[in-house]
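Spelled out from the first residue to the last, the chains are:
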Amino acid sequence: MGYDRYSVFSLLRESLRGHAGWGPAWRDAAPRPAYDVVIVGGGGHGLSTAYYLASQHGITNVAVVERGYIGSGNVGRNTTIIRSNYLLPGNIPFYEHSLKLWEGLEQDINYNAMVSQRGVLNLFHTDAQRDAYARRGNAMRLHGIDAELLDRAAVRRMLPYADFDNARFPIHGGLLQRRGGTVRHDAVAWGYARAADRRGVDVIQHCEVTGITVENGRAVGLQTTRGTIRAKKVGLACAGNSSRVAAMAGLRLPIESHVLQAFVSEGIKPLIDCVVTYGAGHFYISQSDKGGLVFGGDIDGYNSYAWRGNLPTVEDVCEGGMALMPIIGRVRITRSWGGLMDMSMDGSPIIDRTPIEGLYLNCGWCYGGFKATPASGWCFAHLIAQDAPYPVAAALRLDRFATGRLVDEKGVGAQPNLH
Amino acid sequence: MRIPCPHCGERGFQEFAYYGDAGPKRPAHGGDTGEDVWFDYVYLRDNPAGPHEELWYHAAGCRTWLVVTRNTLTHEVAGARPARDVALERSAAP
Amino acid sequence: MNVAGRIVAREANGRSSAATLPTQPFRLAAGGLVDRSRTLAFTFDGKRYAGHPGDTLAAALLANGVRLVGRSFKYHRPRGILSAGVEEPNALAELRSGARREPNTRMTTAELYDGLQAASQNRFPSLAFDLRAVNSLLSPLLVTGFYYKTFMWPSSFWEKVYEPLIRRAAGLGRAATGADPDHYEKSTTFCDLLVIGAGPAGLAAALAAGRSGARVIVCEEDFLLGGRALADRRRVEGRPAASWVTEAEAELESLPEVRIFRRTAVFGAYDGGTYAALERVADHLPVPPAHQPRQRLWRIVAQRAVLAAGAIERPLVFGGNDRPGVMLAGAVRSYLNRFGVAPGSRAAVFSNNDDAVRTVADLAAAGVPVSAYIDPRPQIPAAVRQVAERAGARVLTGAVVQRAVGWEKLLYVRVANDTGQEFVVNCDLLAISGGWSPTVHLTSHAGGRPQWREDIAAFVPGTPPPGMTVIGAAAGDLALADGLAAGARAGAQAARDCGFSVADAPVPFADAESTVIAPLWRVRNATGKAFVDFQNDVTATDIRIAEQEGFRSVEHLKRYTTLGMATDQGKTANINGLALMAEYTARSIAETGTTRFRPPTTSVAIAAFAGQHRGREFRPTRLPPTHAWAQELGADFVETGEWLRAQQFSRPGEPDWLATVSREVNAVRNGVGFCDVSTLGKIDIQGADAAEFLDRVYANLFSTLPVGRARYGLMLREDGLVMDDGTTSRLGETHYAMTTTTANAARVLQHLALCREWLWPSLDVQIVPVTEQWAQLSIAGPKARAVLQAIVDPAFDLSNQAFPFMAAGAGTVCGGVAARLFRISFSGELAYELAVPARFGDALARRLMQVGNDFGITPYGTEALGVMRIEKGHPAGPELNGQTTAGDIGLGRLLSKKKDFIGRAMAARPGLTDPNRPTLVGLRPLDRAARLRAGAHFLPRDAAATAANDQGHMTSVAFSPTLGHWIGLGLLARGPQRLGEVVRAHDPVRDGDVLVEVTSPVFVDPQGVRLHV
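Residues numbered from 1 in each chain as written. Chains lettered and ligands numbered in written order. Predicted model: local features only at pLDDT ≥ 70, side-chain atom pairs only at ≥ 80, totals over all residues. Heavy atoms only, no water.

A. Just the side chain of C:Arg598, in detail. Positionally, C:Arg598 belongs in the loop between helix H15 (589-592) and strand S31 (604-605). There is no salt bridge for the buried C:Arg598, and the closest opposite charge comes from C:Glu555, which lies 6.7 Å off by N-O distance. One polar contact links the side chain of C:Arg598 to the main-chain carbonyl oxygen of A:Gly338, over a distance of 3.3 Å. When near neighbours in sequence (up to four residues on either side) are disregarded, C:Arg598 contacts A:Arg77, A:Trp307, A:Arg308, A:Ser336, A:Trp337, A:Gly338 and C:His445. (Helix = DSSP H or I, 4+ residues; strand = E, 2+ residues; numbered from the N terminus. Buried < 20%, exposed > 50% of the residue type's maximum accessible area, 1.4 Å probe, protein only. Lys, Arg positive; Asp, Glu negative; His and termini not counted. Salt bridge = Lys/Arg side-chain N within 4 Å of Asp/Glu carboxyl O. Polar contact = N/O pair within 3.5 Å; in protein donor to acceptor, adjacent residues only side chain to side chain. Contact = heavy atoms within 4.5 Å.)

In structure tokens:
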């Protein structure tokens, strides 16, 4: 069965007996006929939802059904950044709640996800950008969140290797959130799965949903490749494929699926200490504990379910990288990946009920869902358990597009590929 | 990914700007259209996995909007026509 | 050898005096494709060695008897050279130094050049004595996933204590010390057939297609064509294979439509037949030659592709299989036959297939004694046994190597056979072969899943990308003859597919061979650490632990153990790893599957993807027509998107930018100034339905605009928020000239085109962008008319009556130069915008300076422009931020009720008409000496600084020289109802809170009197 708790003591004990005693991190559960709640999608959001349903609401008769292996979506393919440096009041408290949950995550779930608050630095290159970041930093401070506006000299001390002297768009300064940072992404899925499993949640892998059973306007279960599962409540947490799954219940969503690529370099000795985002191109970068530079940029910009992107985006990202810090030029990219993003119509997520009773929606994460993982699960669990939005997610409603109470950080409107 | 522009020939997609699904039909100009129809047009998308008719603008070429038929699962581009031709056809259709 | 003869002779270098260099004790007396007539000097960890042109760094080190070349990632185990190619996991070095230092460079592909400097990496303090090898002793603790289970307490220790330790120990080589000094290029090219890999199969394909006249590109990542034909002593068409390669290469060179890209690795297959390749133009030289890039990124668009990328040999998994001296059997043949180097002095060969016995023969032929041929198969073909015995090797069947013994070099191996006998075999070189894995990576970039073939114990390509054919070893056809035949077929077919006629030609033939294999995924009774992923130190035990903990999917296996995530991308590790997982989970390998392969198939430098787009060439720089003139005047410039605009024209003696800008503003308010506004988007709109069209795209009416008049227009997005603004003039009944903001010029054009072509295709209207056709200068100030009078041609009547505020017209200036004149004003003064063909922009500026001299004409930049627009309360970029409605910026009255327009319906949503929305106001500091800052948030005067009290933000600020204090524009909740109220502008990120009074946004001349003079 293995250990209920991981600790240095269990590790020592196992090291003396050839590690024969470790049990599965989570049971490989088979679907049972009925649950109180079934979550569709064994990614970070689905697993954290299940965990918080069990740990915060005492609902343990829960299954998470996953088409492939858990963590096979965006929680396993992202640039691992966490932060709460948002602009709009509809987003800030939500992402700050998430950051606070990250800060206590490891003790909570007894799994070292390597939450590393190394700082997130957003660079600006014009006066207008500086003012926009000041607006953002001030908004964060009003919410009690740390934010510092750095001038060029302060940025130069942090990033001595950035191009300060020959840049097309010179660095004027940056907005720093010291509490932001990175997390070992896969471990988040595994840690939540293990913690949920310990509380009785069934984590069911290789179980694809083929239909949502709706009776009298109410969702009552799922058809899957491993049989029918009845459920009092069904939660969808399958970003990237939200439209496809919601369509099974006859819903159309304000979402397009897009592909985002990201990149990892060969391991090098420590070079970049914090997360840096370039303000004059689409580029963000950090360095992992293993030494790889982890970086990305914009989405490819067209609807896609292909899980892969194209070359011009790779070039665009690397151009941003070289413009920002030409010291990385001879470091080699060794892996890339492409994942599916739920690009919503205002660039912000949706955690809400649906017109179908008993069917709940968690989607529209665009390419910022990883950092939201704990709060997304927390708020979704609350919504499912209490049938009311958790306060920090109250703005992330599905009907906001109809009412015009949009949460559009970039201000580009109803064109998902521009968010 | 390469798009066969009817005016410029086959070009890399980076020459084009993407708009999205060509499916939604805009309510008639000047019509008395309900808010829900507008909401549907502006915000809701089928977002299919498979063939998709979509609008691309040849920004670095002939500056024409095209309706491109492309498979979102495979990225295979089946064809491209001037959007104006498609729109005129659609408006002529009953 | 004739291949060696083709190695380009480089100029002799004075430093490489062979006499002072150590001899190469392991260089064979003869043979190989190196140029023995020349000696190259190089250093490894500071020690000098000699090699020859045609060597890789690995070959040269082996020739010098260097066996220990690196340390592993986690346990810092001593490591030697495992392979002779891109799959190398161990032999990594920092190549070059300073800003050119390249970490993690594979010694097995780095071409030797004179003066090469390489250093071992990830060791402290030295390669031979690495303190971190203590990790090996801790290895029982440091098993896979150990870090997920500990380092959690106390929570603050992660960032402060544990993580810094881990980070310092992790990583491999060090990055360069400064900005990469080399140049990189990107290039696009097209062909009928792209042949990937110039081994025998690829060459056969290229010949077959090339002879038909098809445009063929052959990419070979090595610096020589030939692939395994250079490494193996084989015969093609009765001749040594290397000779056949030479002839094939010569013929290809003679075909005009065939291009051969050497040192060029195709690393990505993208959509639409687009392949990405990296040409290492100058990596084999000390520094790139003048005007040459270091590397070139190719985008190759191919109608057809033939993948002939060969196969990669797998190691066997047994105890100590990572000891320096354990080498892949095929690599041993490469070093012997291609480089003329003996990788050891006494060898043994351990193999589970019929192929590796050739290593026994080749070793013997090179004079390296072979102690034993060890094969786990109880019965081996007689031919195999004969070859081994003829070479003098003891043949041990049903036998496995349980453990390789040694530390920094191999001393002997312990062998056990199936009857329980144990042997000690002395050797310092153990050649191993676990069979060959087809190089299928490119075939799955488009999503194809490799398929398991039990008969050859290997994954072969699934569905390749459209247009690609896979041949030879890459397709699982490991025999040379099969590859040649498949190549000839595939090349001919590709040419036919592209419309070329192909003459029948004989298929090159080769001697027969056996490729039979009996899989051996691990030695069961091995002792000691048995490595699967050498670089990342993943052992068979780690894979067992992963299985035990439920990480059974190949993706979980990879992510949990880090299998295959090293710089070699698991080229030698993945198949063994997943085969072990299959064994531990009692599944078949086919069921277990592989992870998905993605680009790049081999690591590619970040700079190569960026090409020339870095530094000042990161993005194009657009220069307004008056740029040169402004530069002469010593203007400061500012980036405005891609444009570089004059920010202010400072004069000697002015203390700071504020003084300059204030002078410029004062000049306009009191005299006359001019400013280049050519960057504003300019769109010409003509057609019978032009007026109707504008009525639809603008929120306000344009059909009612008289000819010869301009009007401010506000454009909404379909979702009801503001898209853009600008003035549009009616130049004729069916002719309008629209201006947009600088930032939105392209977007508005695109939007109008969409409206015209897609939404309302039956409207008769044409749209042409003319931003770059017209130089447009704003001439503003009470004396503007007087200045203008001096340059317009007589036909232009500039009188207030004939050409009043918001008049627009065409005419000529400066004696016949076509011009458009608009009496519009951003500054609030009497002002004109004068447009002339762009080529006259510079001359116009100079002429204005001349004729305006008497009036004290003053050029002004974007700063003064901004100050004056804030003084006038005109919304601009910070207010038109995509989040504001027409009402928010005080322009709700422009939303026409007489007509439909884009955005009308959605603008009526309750969220957009909420009376509490922050709305445009002016702000002035209560303390007139106080400075305002944009980005500050508004709080009720005495309210606490909390989010609940947040009522909006300051969008724009300026020091108004006209008023003598700072002023601001802002979006404040219910702002227009709060004029006179004092609120707090809260700016904690700049430590400044200022009390401000809410005012009208129009600070100067609210009645607009000056506009009309």
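B. Region of interest: the packing of helix H2 (residues 83-92) of chain B against helix H20 (residues 745-759) of chain C. Contact geometry for H2(B) and H20(C): axes closest at 7 Å, N-to-C directions at 40 degrees. Relative to H20(C), the element H2(B) is oriented oblique. Contacts from B:Ala83, B:Arg84, B:Val86, B:Ala87 and B:Arg90 of H2(B) reach H20(C) at C:Arg756, C:Glu757 and C:Trp758. Tallied by class, the residues present in the contact of H2(B) with H20(C) amount to four nonpolar, no polar and four charged. (Axes fitted to C-alpha atoms, helices over the stretch in contact; angles between N-to-C directions. Parallel < 35°, antiparallel > 145°, perpendicular 65-115°, else oblique. Nonpolar A, V, L, I, M, F, W, Y, C, P; charged D, E, K, R; others polar.)

C. Layout of the pairing of strand S37 (residues 722-732) of chain C. Residues and elements named next belong to chain C. The element S37 is extensively covered by neighbouring structure, given that ten of its eleven residues are classed as buried. Bridge analysis of strand S36 (residues 709-716) against S37 gives eight bridges, and the strand direction is antiparallel. Residue pairing for S37: Arg709 is matched across the bridge by Arg730. Counting the residues in the hairpin turn of S36 and S37 gives five residues, including Gly720, whose phi is positive at 90 degrees. Strand direction decides the pairing type here: S37 and strand S38 (residues 735-740), joined by four bridges, are antiparallel. The residue of S38 that forms the bridge with Arg730 is Tyr736. Taking the residues between adjacent antiparallel strands as the criterion, S37 and S38 are bridged by two residues. (Pairing = 2+ DSSP bridges.)

D. Region of interest: the packing of helix H12 (residues 540-548) of chain C against helix H14 (residues 574-584) of chain C. Residues and elements named next belong to chain C. Where H12 meets H14, the closest approach of the two axes is 10 Å, and the angle between their N-to-C directions is 50 degrees. In this view, H12 runs oblique relative to H14, as classed from their interaxial angle. Remark: the crossing between H12 and H14 carries right-handed chirality. For the pair H12 and H14, contact is made by Ala540, Ile543, Arg544, Ala546 and Glu547 and by Gly577, Leu580, Met581 and Tyr584, respectively. (Left-handed = near helix turned anticlockwise from the far one by under 90°.)

E. Examining helix H8 (residues 329-338) of chain C more closely. All names here are of chain C. Counting buried positions along H8 yields ten of ten residues, so the element is predominantly enclosed. Ala329, Gly330, Ala331, Val332, Arg333, Ser334, Tyr335, Leu336, Asn337 and Arg338 are the residues of H8 that are buried. Where H8 is buried, its residues meet helix H2 (57-63), strand S16 (311-313), strand S17 (326-328), helix H9 (357-365), strand S24 (429-433) and strand S25 (436-438). Once H8 finishes, Gly340 follows within two positions and takes phi at roughly 65 degrees, a positive value.

F. Inspection of the sheet that holds strand S34 (residues 673-676) of chain C at higher detail. Residue and element names in this part refer to chain C. With mixed pairing, six strands are arranged side by side in an open sheet as S41-S42-S43-S40-S34-S44. Of all strands in the sheet, those bounded by a partner on one side alone are strand S41 (808-813) and strand S44 (858-859). Where S34 lies against S44, two bridges are found, and the strand directions are parallel. Bridged to Phe674 within S44 is Pro859. Against the sheet, helix H22 (residues 841-851) engages S34, strand S40 (774-780), strand S43 (831-837) and S44, with an angle of about 20 degrees to S40.

G. Fine view of the nonpolar core. Residues A:Phe94, C:Leu57, C:Phe318, C:Tyr335, C:Phe350, C:Tyr373 and C:Leu430 are the most contacted members of the largest nonpolar core, which totals 185 residues. If you tally residues by element for this core, the top one is helix H7 (residues 185-198) of chain A, at eight residues. Looking at which domains feed residues into this core, each of domain 1 (8-84 + 87-111 + 185-254 + 346-418) and domain 2 (120-182 + 257-344) of chain A gives three or more. In this structure, B:Leu55, C:Leu705, C:Tyr736 and C:Leu763 belong to the second largest nonpolar core, which totals 75 residues. (Core = buried A, V, L, I, M, F, W, Y, C linked by side-chain atoms within 4.5 Å. Domains from an automatic or database assignment.)

H. Structural context of the interface of chain C and chain B. Across the boundary between the two partners, chain C contributes 29 residues, which contact 30 residues of chain B. Looking only at chain C, the three residues that lose the most surface to chain B are C:Asp271, C:Glu757 and C:Trp758, adding up to 26% of its buried area. One can count one salt bridge joining chain C with chain B. The residue B:Arg26 makes a salt bridge to C:Glu718 at a minimum N-O spacing of 2.8 Å. Where chain C touches chain B, the interface holds nine residue pairs in polar contact (both at pLDDT 80 or more). Listing elements by their share of the side of chain C that touches chain B, those giving two or more residues are helix H19 (690-697), H20 and helix H24 (904-907) of chain C. Of the residues forming the side of chain C that touches chain B, the biggest block, eight residues, is contributed by H20(C). Residue classes in the side of chain C that touches chain B are distributed as 15 nonpolar, four polar and ten charged. (Buried area = accessible area lost by both parts, 1.4 Å probe.)

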